[in-house]
Amino acid sequence: GMPRSASTFVWQLTYDLINYNHKQHKLKQLLQPQQRPNFIYDVGQELPSIMDTIPDHEYYLIKTHGDYHPSFNNYEKNGQLKIICTIRDPYDLCVSWMDVHQKEQGMSERRVGFEEADSLDKVTQVVLRDINIAEKWLSSSHSLIFRYSDILEDHSQLIKSIVDHIGLEVYLYEKVYKFYQDKRNITEFNVGVQGRGEAFKKQLSKPIRQRFDEFIETYLNK
């Protein structure tokens, strides 16, 4: 998922659904140390070994903001790989990146990566990078795509879409669904406000606005 697009929320929801029957923490011990984290940036390098290690009847969930690798298409066609993408309005992403950078400045231990967004120019370059990466994932043959606006709405539909996409032979889990019905349990993952980036447009150059608008028209205005 694109950073700042509720990708952590969708990852957590999917993780909870899978772990209702499949305990992923047990699978981690089968993997090489660099493959055990659930966030792997260079997933193209690690995926073949993970695929060879995880038993066919099990699921291992990975979150990434890294590039789509052409080999993923073959895994998708074979049904071995299920891709879920989260995307968000680039203008809103700029505001969100700046917000999180500002919050990081007040923390004693700052997270790696968020120092990138310390100026308007750097913010737009970060979001342009995120768009380029996202488009590669969005062009995959069987990906499930969630717009940020989808994530803010009915979580029962999110759950059904994920269950159907992965192919879990289950009904909507009441336990999981009830948890996600209560917005107090979601914490920071979907509290962003849509449309804040509108006021930000006039500060951007015309080429950047054109690139952002192209992404919005192609993937968000469907």
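Residues numbered from 1 in each chain as written. Predicted model: local features only at pLDDT ≥ 70, side-chain atom pairs only at ≥ 80, totals over all residues. Heavy atoms only, no water.

1. Observations concerning the overall build of the chain
Link 1 in the chain: The number of helices and strands found in the chain is 10 helices and two strands.
Link 2 in the chain: The 222 residues of the chain split such that 46% are buried.
Link 3 in the chain: Of the accessible surface of the chain, which amounts to about 12200 Å², a share of 49% is contributed by carbon and sulfur atoms. (Helix = DSSP H or I, 4+ residues; strand = E, 2+ residues; numbered from the N terminus. Buried < 20%, exposed > 50% of the residue type's maximum accessible area, 1.4 Å probe, protein only. Areas by Shrake-Rupley, 256 points an atom, 1.4 Å probe, with all protein chains shown as cover.)

2. Observations regarding the environment of Ile83
Link 1 in the chain: By secondary structure assignment, the location of Ile83 is in the loop between helix 4 (72-77) and strand 1 (84-87).
Link 2 in the chain: Through-space distance from the C-alpha of Ile83 to that of Leu138 is 9.4 Å; in sequence the pair is 55 residues apart.

3. Looking at the side chain of Thr14
Link 1 in the chain: Tracing the sequence through the fold places Thr14 in helix 1 (residues 7-18).
Link 2 in the chain: Residue Thr14 is classed as buried on the basis of its relative accessible area, which comes to 2%.
Link 3 in the chain: When sequence neighbours within four positions are dropped, the list of residues in contact with Thr14 reads Leu61, Ile84, Ile162 and Ile166. (Contact = heavy atoms within 4.5 Å.)

4. So, the nonpolar core
Link 1 in the chain: Membership of the largest hydrophobic core comes to 34 residues, with the highest contact counts inside it found for Phe72, Trp137, Phe212 and Phe215.
Link 2 in the chain: Dropping the residues within four chain positions of it, Phe212 is found in contact with Pro90, Tyr91, Cys94, Thr124, Val127, Leu128, Ile131 and Leu204.
Link 3 in the chain: Counting 21 residues, the second-largest nonpolar core is a separate cluster that includes Leu13, Ile151, Ile159 and Leu168. (Core = buried A, V, L, I, M, F, W, Y, C linked by side-chain atoms within 4.5 Å.)

5. Examining the pattern of salt bridges
Think of it this way: side chains of opposite charge can pair up when their charged atoms draw near.
Link 1 in the chain: In total, this model carries six salt bridges according to the counting rule given.
Link 2 in the chain: With a shortest N-O distance of 2.7 Å, Arg211 and Glu135 are connected by a salt bridge. With Arg211 in helix 10 (residues 206-220) and Glu135 in helix 6 (residues 120-138), the pair connects residues that are 76 residues apart, well separated along the chain.
Link 3 in the chain: Classification of Arg211 as buried rests on a relative accessible area of 18%.
Link 4 in the chain: Taken together, the shared-partner salt bridges connect Glu135, Arg211 and Glu214 into one network. (Salt bridge = Lys/Arg side-chain N within 4 Å of Asp/Glu carboxyl O.)

6. Some remarks on the pairing of strand 2 (residues 144-147)
Link 1 in the chain: What you see with strand 2 is a clean split: Leu144 and Phe146 sit on the buried side and Ile145 and Arg147 on the side with no burial.
Link 2 in the chain: Where strand 1 lies against strand 2, four bridges are found, and the strand directions are parallel. Across the sheet, the residue bridging to Ile84 is Leu144, located in strand 2. (Pairing = 2+ DSSP bridges.)

7. Notes on the side chain of Ser140
Link 1 in the chain: Residue position: Ser140 is located in the loop between helix 6 and strand 2.
Link 2 in the chain: Residue contacts for Ser140: discarding those within four places in its chain leaves Tyr68, Glu76 and Ile83.

8. Description of the confidence of the model for the chain
Link 1 in the chain: In the predicted model, the chain carries a mean pLDDT of 83, and 82% of its residues have values of at least 70.
Link 2 in the chain: Model confidence for the chain, summarised as mean pLDDT per element, is weakest for helix 9 (residues 174-181) at 71 and strongest for strand 1 at 96. (pLDDT = per-residue confidence, 0-100.)

9. Some points on the packing of aromatic side chains
Each aromatic ring pair is summarised here by two numbers: the centre-to-centre distance and the angle between the ring planes.
Link 1 in the chain: Throughout the structure, instances matching the rule amount to six aromatic pairs.
Link 2 in the chain: Between Phe72 and Trp137 the ring centres are 5.5 Å apart and the planes differ by 40 degrees, which places this aromatic pair in the tilted class. Remark: Trp137 occurs in helix 6 and Phe72 occurs in helix 4; sequence separation between them is 65 residues. Take Phe72 and Trp137: they sit in the same class, and that class is buried.
Link 3 in the chain: Plain terms: the ring middles of Tyr91 and Phe212 are 5.2 Å apart, the flat faces sit at 80 degrees to each other, and that makes the pair edge-to-face. (Phe/Tyr/Trp six-rings, centres within 6.5 Å; stacked < 30°, edge-to-face > 60°.)

10. Here we look at the environment of Ser205
Link 1 in the chain: Relative to the helices and strands, Ser205 is located in the loop between helix 9 and helix 10.
Link 2 in the chain: According to the relative accessible area criterion, Ser205 is partly exposed, its value standing at 37%.

11. Re helix 8 (residues 155-166)
Link 1 in the chain: Look at helix 8: 16 Å from first C-alpha to last across 12 residues, which is about the 16 Å you get at 1.5 Å a residue.
Link 2 in the chain: Of all 12 residues that make up helix 8, nine are buried, and the element is covered over most of its length.
Link 3 in the chain: All buried positions along helix 8 are accounted for by His155, Ser156, Leu158, Ile159, Ser161, Ile162, Val163, His165 and Ile166.
Link 4 in the chain: Gly167 occupies a position one or two residues after helix 8 and carries a positive phi of about 95 degrees. (Expected span 1.5 Å × (residues − 1).)

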